[in-house]
Each structure stands twice: as structure tokens, then as C-alpha cells.
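Observations on the model geometry
The chain contents come next:
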2 protein chains.
Amino acid sequence: MQPLADVLGLVNPPITPALVIRRAAMLANLAAMQTACDAKGVRLRPHGKMHKCSRLGKLQVAGGAIGLCCQTVGEAETYVHAGINDVLVTAPVPPWGWPRLAALARLAHVGAVLDSAVQAREASVAALAAGAVLDAYVDIDPGMGRAGVAADQAGALAQLLVDLPGLHYAGVQAYCGHHQHLLPAERVAAHAAWTDRLRGAVHDLRSAGLAPPQVTGGGTGTAAMDLAAGVYTEIQAGSYALMDVEYGDLGDLPFAPALFLAASVVSAQHASHVTCDAGHKALHPNGPAQRVVVPAGSGYRPMGDEHGAIIPPGGAVEGGIVWLQPGHVDPTVALHDAFFVADEDGALERWAIDARRSSL
Amino acid sequence: MQPLADVLGLVNPPITPALVIRRAAMLANLAAMQTACDAKGVRLRPHGKMHKCSRLGKLQVAGGAIGLCCQTVGEAETYVHAGINDVLVTAPVPPWGWPRLAALARLAHVGAVLDSAVQAREASVAALAAGAVLDAYVDIDPGMGRAGVAADQAGALAQLLVDLPGLHYAGVQAYCGHHQHLLPAERVAAHAAWTDRLRGAVHDLRSAGLAPPQVTGGGTGTAAMDLAAGVYTEIQAGSYALMDVEYGDLGDLPFAPALFLAASVVSAQHASHVTCDAGHKALHPNGPAQRVVVPAGSGYRPMGDEHGAIIPPGGAVEGGIVWLQPGHVDPTVALHDAFFVADEDGALERWAIDARRSSL
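In this report, we go over the structure that sits alongside the text. Note that the structure is a prediction, hence the values are computed from the model and not measured. (Residues numbered from 1 in each chain as written. Chains lettered and ligands numbered in written order. Predicted model: local features only at pLDDT ≥ 70, side-chain atom pairs only at ≥ 80, totals over all residues. Heavy atoms only, no water.)

Residues and elements named next belong to chain B. Tallied over the full model, the rule gives 26 salt bridges over all chains. Between Glu-349 and Arg-23 there is a salt bridge whose closest N-O contact spans 3.3 Å. Here Arg-23 lies in helix 2 (residues 23–40) and Glu-349 lies in strand 17 (residues 348–352), a separation of 326 residues in the sequence. For Glu-349, a relative accessible area of 28% translates into the label partly exposed. Between Arg-45 and Glu-234 there is a salt bridge; the shortest N-O distance is 2.9 Å. Pair noted here: Arg-45 is in the loop between strand 2 (43–44) and helix 3 (48–51) and Glu-234 is in strand 9 (residues 234–235), with a separation of 189 residues, a long-range link. (Salt bridge = Lys/Arg side-chain N within 4 Å of Asp/Glu carboxyl O. Helix = DSSP H or I, 4+ residues; strand = E, 2+ residues; numbered from the N terminus. Buried < 20%, exposed > 50% of the residue type's maximum accessible area, 1.4 Å probe, protein only.)

Here you go:
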């Protein structure tokens, strides 16, 4: 591929701030993850919460992914209506969501994770009312305390999923979000310890006649270890497709930076800095600092909701474009309504971030 | 008005996380600011960057506001196409924006602030090409370093705005964002010092035959002082309509909390906390911490992009609703696609956050 700065120099977004995807880098990332999963015979179900873009999701499915993960009911609805026929909601569903997922399950293969008997009964009632079947997964908490049952409680909930009408017991989920951003050595140790426990839980389920059809989990930071562990049947990675400062700085992941933010310099009144039109509403502050790519050597500091400082100006002039790499891709994408996908010659195509909306 | 918790107890949002406006409180806020401005004969031009909602903006205009402020070209386009016929872009416009604003100026009264001769010439060229006239304001930097010329440089730029074809020199802007959230005593002192300098700058412009038709600025935190100062002809306040933790905690503003976020409890596996479906993508972390309103006495901690912890559970149960007040209203609103406007009996109406999109 051409040097990054050369490609960015050819890109002229029609508006700013604009999220720009370098298509060649994204395609290489998609292929790298799919190839790694295929080599182990493990399903890839990329996470649609990261990009919220059905066009990107369809590209992942066309490349071999089984379907998409979703974090919200709205994402699942958007993806199914866009033609993606297999979705899994990877977070516990609020009561209002079950009838909507059940209705969706008449159009596509729809799964959801659960961590309580209350949710299981709500899901069952909704599925029966819709005349549909929902794939139901036991969500196992790998120690984050966010959602999921303790590993040794998985059997009781799995049995309920088997017993309840309208549900198909489809397996277990164990998503280790807290491992994804550890430095390489710490990540290996944490992953190994957890994998041993998960292997034990799967063994116990098998012994109880509740062998999970799928064990879904994993992420961009742990994918190589997830694939090597031999316990996961499905990988849920998301960020690998576009990457960000947070994952890039780990240094050991085989994925290239593919997402950048173009901002216009709108004020240049000071020797110390210039002001660009990207602030808290264009670059979500969660995660590590946004990185300035062009001009090289400058830093970024938010100056309110719609502005940021480029410090020092580094040759950036009023009316010119500066380029940043987002610190954390997911929440920053949720602030925008489109990606502009750039070819190496600078040509752009607009892809709607259509799953950004909360409902259809 | 009824006690807040009683009203929230009647509200059942169709989805979560959901931004809910208490209509009675919002209407009282709108009336309070309009009445204060009317009493001083000062124009109110509420800031549309806060709510990004043309329906709310039209209510402000129907109540007496001259039009809306916008922070982006996309907001201006959305508001004009929704029927608001007077908009002012209060931040320097990138080059791509001038032709779009000029086209908009054929449909409505459109103004923009500028801080350089380069921008003035771009605006002039675009206005001439569109056969339109743009209101042009000299942006004066009150010391934030974000945009605007120094007060003693305003005359040169004002003269250029007078001289260039296609532009109408409409006045000056001096927006003191850095004063809005100071504690009361500090705010009075900072405001007085700045107002003296602004008064001097306006005097100098008058002496040079460049009397500004409008002096626009001010905000929710300083509105009472802005109105008393006698120098502003137009107030740009935004947050007063809905309020947030940041403004509410100042303690001296006559506006009521009117914006709340409803989240569902989606997991309740621990005695220490329950997990709700609102994280970094529903509650922007810029500003002070999000405040839990119901259950009273609990706190909130983000648990990733789509989840947060309510600590302690305070009686919140799985499947139930918890209520929060956003720390900082503007960037949180930008994460949602609709408000649900609640009457005192809990009835809801959906208002699209239609100016959230970056372009039409």
C-alpha cells in the first residue's frame, strides 16, 4: 500500500468533521481475521456495535462471516432489514426488546444472550406470541461484573433454556472485554486463566447433557489466543476491521489503522495552535487520546463540543484539512452519520452509519 | 408542578436508553428566558447546538425568539428546511460550508461569524455566486483562544465586511463559553471585566463609523448579567431550555431540570450494583458525572459503551427503569436520535433530534 500520508493527501471530504475509512487497509483487516478463523474452523461473527454500518456488515458476511453480533435491539433490526440474515444480541435484552426480537426472528435467524430466569421467560413468551424461535445463549460472566451468570451457575439456566418453549438453547457466551486492552504479557496470562475456567464450565455442561452447540466470545485483542484455545466455536471481534489508537498501541495485533477523522482548520489566530472543527461531538473522549496523523508531530486537545486545538500548528493553515486517528473507535463512530470510504486514489464513497439510530 | 419522581414513575418509554423531556419544566424555562429578554428589549436567539431538534427550535421561535443559533452548517440547513427562517452560525465556517450557507441564504435569513479576511473573501465569493446576501459578524475572542479576533482588531475585519459584495456587516459576536460554568462570585467578576473590554471595543467601532447593528453573545450561565450589562443586543443561551447537572449545580440559575435519561436494568447478578443499558454511547462523559435521580441515593458508573452500573441498586430490579440527569446536555443529546416529551400524566410524544445529522 502507498504511504498513509500520501493517500490522505488525495482525499477531499465533502464535509468535515468526516470519518474516512481507508478501504485497502479495511479489506486487508477483514481478510486477515477471516483467514485466521477459517484456518481453525471457527466461525467469525464480527461485532456490528463497532461500525453500526450495514454496508460494512454485509461485506463481512460476504467474506465468510456467519452473521453479525449486535449490542442493541436497534442494531439487530437495522441489520436484518438491510439483508443480514443471522444476528446475535450479545447483551441482556430489556423487557421491551423481546417482542421486537421475536418479530425479527420471523425474518431471520436471531439469537440473544440471557443471564436470568426472568429474561428466559420473557423471551419464551415473546417467541410464542410471535410464532417464532429465538436462539438463546447463557451469558457467562468472565469477571467483569457487568452481565452474565457465574460459570458454575450456567447449567441451571441452560436447562431452563432447553425446557422453555419458543427458545432454542444455542450455547454459551463468554466475552472478556476486560482482557482486550491488556498489554501482551498480561493478556496471555489473564486469557489462559480464564480459558481454563471456561473449559471446565463447558465440560460440566457436557457432563450434564447440556453440551453448548456454540461457545461464542473473544475479541480483537485476544483473537489469536481465542483461536488457539480450542474452546471457542465463534469469535465476536469488532475493532479489527477499522482499528484505533487503543488497539494499535498494543503493538502485537496484525491489523492496520483504517479509520481516520478529517477536520477543517477553521481558525488560525495564534502561533501556539490552530483550531479545527472536531470536538467532543466528533471524537468521543472515552479511551486514549486522539492522535494527530497529519500534521505529523502535533497533538490534539478538545476545545469544547465542536472544536479542538492542533498543537503546534505544524504547518496546518486556515481552511486546510488535518487528520486524526480516533482513540476509541466504537463511541466515536456512534457520533457520526456516515463513513467516507477512500480508495488509494482519494476517490470517496459514502456509507451510512445506519444502525446508529436506536429504532427503525 | 408535581414532584419529579411522581411524574417519572408514570413514564414508560417505548425504548431504552431514552432521553425524556419533562414538558412542563421545559416550557417554564423557555418562558423564563424569553420574558427576561423581552423585559430588557434584547433579542433571544437560542442555541440550536444544544437540542439539535427543529421541533423544539420552532417552539422557541413561536415563543418570541428571533431565530436560532447554530454551531454547524448541517444544523443551519436542518433548521431552515424545517421552517425556521433566521439562523446564525456562531462558529467559523470551513471552506466547504460557504457555498452551502449561501444557497441557504436564498431561502432564509442566514448569518455567520468570521475571524479572518480569508473567510470573508470566501463568504463573499459564495454569496455572489448564489445571488444571495449573507449576514456577516466579526467574531471577537473573549480570551478562550478558540476562535475570534482580538477585541482591538475588530475594526479592520468589520471594514472588510462592509466593503465586500454579497455580505452585510451585521455586527459582532462575543461568546464567553469559559465564563458560563464559573461559580457565582467568580462569574460576576470575570463577566464585569470582559464586559468593560467589549464595551470599549463597541465604542471604538462606533467611533470608526462601524457601529455594530447587533452585539450577540451570552449564555445560560451569564444571561442575567448579559441582560443587565446593556451591551448585548442578542442573547445566545442554549442549555437553559433543558438544563443539566453542570448548570444546575451552579445554584443561582432560574431554570428547572427538564431532561432525563431512562435506562433499563438489564442485569442484576450482584448485591453491590445492577447494570443498566446506558453507557458511553448514551451518556457523554464530558462534564460532571451523570446523576441518578431514581433510585434516589444511588450513583452511576459507566461500564463500557452500552452499559452502566447503578451503585447501590437502591431497590432497582431487573427489567425496571432507572432515571438519570445528564452531566452535560449538549454532547449527550448528540448521541440520541429522539427526545420523548412527557406530560405530567406520563403521556409521551416523540421529537426527532433531526439536526444531529451532519448534512441533509
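Anyway, onward from the coordinates.
Turning to the pairing of strand 8 (residues 214–217) of chain B, a few remarks are in order. All names here are of chain B. Here strand 8 shows a buried face lined by Gln-214 and Thr-216 and a second buried face lined by Val-215 and Gly-217. Bridging between strand 7 (residues 167–174) and strand 8 involves four bridges; their strand directions are parallel. Counted as the bridge partner of Gly-171 is Gln-214 from strand 8. With respect to chirality, the unit in which strand 7 leads through helix 9 (residues 184–207) into the neighbouring parallel strand 8 is right-handed. Judged from the two bridges that link them, strand 8 and strand 9 form a sheet pairing that is parallel. By the bridge assignment, Thr-216 is partnered in strand 9 with Glu-234. For the crossover that starts at strand 8, traverses helix 10 (residues 223–229) and ends in the parallel strand 9, the hand is right-handed. (Pairing = 2+ DSSP bridges. Right-handed = clockwise from strand over helix to strand, strands pointing away.)

Mapped onto the secondary structure, B:Asp249 falls in the loop between helix 11 (245–248) and strand 10 (259–267). Engagement of the side chain of B:Asp249 in a polar contact is seen with the side chain of B:Arg291, the distance being 2.8 Å. (Polar contact = N/O pair within 3.5 Å; in protein donor to acceptor, adjacent residues only side chain to side chain.)

Attention now moves to helix 8 (residues 154–163) of chain B. Residues and elements named next belong to chain B. Every buried residue belonging to helix 8 is among Ala-154, Leu-157, Ala-158, Leu-160 and Leu-161, and all of these are buried. What you see down the axis of helix 8 is that its buried residues fit within an arc of 160°, all on one side. Exposed and facing more than 90 degrees away from the buried side of helix 8 are Ala-156 and Asp-163. (Arc of directions from axis to C-beta.)

It takes a turn of 180° to lay chain A on chain B, together with a shift of 0.0 Å along the axis; the resulting RMSD is 0.0 Å. Taken together, the rotation angle and the small translation identify this as a two-fold axis. The rotation axis passes nearest to the C-alpha of A:Leu335 in chain A, at a distance of 3.0 Å. With an isologous cut-off of 70% or more, the 100% of interface residues of chain A that recur at the interface of chain B puts this contact in the isologous class. (Least-squares fit on C-alpha atoms with pLDDT ≥ 70 in both. Contact = heavy atoms within 4.5 Å.)

Bringing unusual backbone geometry into the picture now. Geometrically, the link from A:Ile311 to A:Pro312 is a cis peptide bond, its omega value of -15° lying close to zero. By secondary structure assignment, the location of A:Pro312 is in the loop between strand 14 (308–311) and strand 15 (321–325). Between B:Val294 and the following residue, B:Pro295, the backbone shows a cis peptide bond with an omega angle of 5°. By secondary structure assignment, the location of B:Pro295 is in the loop between strand 12 (291–294) and strand 13 (299–302). The backbone phi angle of A:Lys52 is positive, close to 50°, even though this residue is not glycine. Looking at where A:Lys52 falls in the secondary structure, it is placed in the loop between helix 3 (48–51) and helix 4 (54–62). Despite not being glycine, B:Met243 has its phi angle at roughly 65°, a positive value. Tracing the backbone through its elements, the reader meets B:Met243 in the loop between strand 9 and helix 11.

For the rest of this paragraph, the subject is the sheet that holds strand 9 (residues 234–235) of chain A. Residues and elements named next belong to chain A. Strand order in the open sheet formed by eight strands is 2-9-8-7-6-5-4-3, and the pairing between neighbours is parallel. Looking at strand neighbours, the two that pair on one side only are strand 2 (43–44) and strand 3 (68–70), the edges of this open sheet. Against the sheet, helix 6 (residues 97–104) makes contact with strand 4 (86–89), strand 5 (109–114) and strand 6 (134–139), and its axis sits at roughly 150° relative to strand 5, the strand it touches most. (Axes fitted to C-alpha atoms, helices over the stretch in contact; angles between N-to-C directions.)

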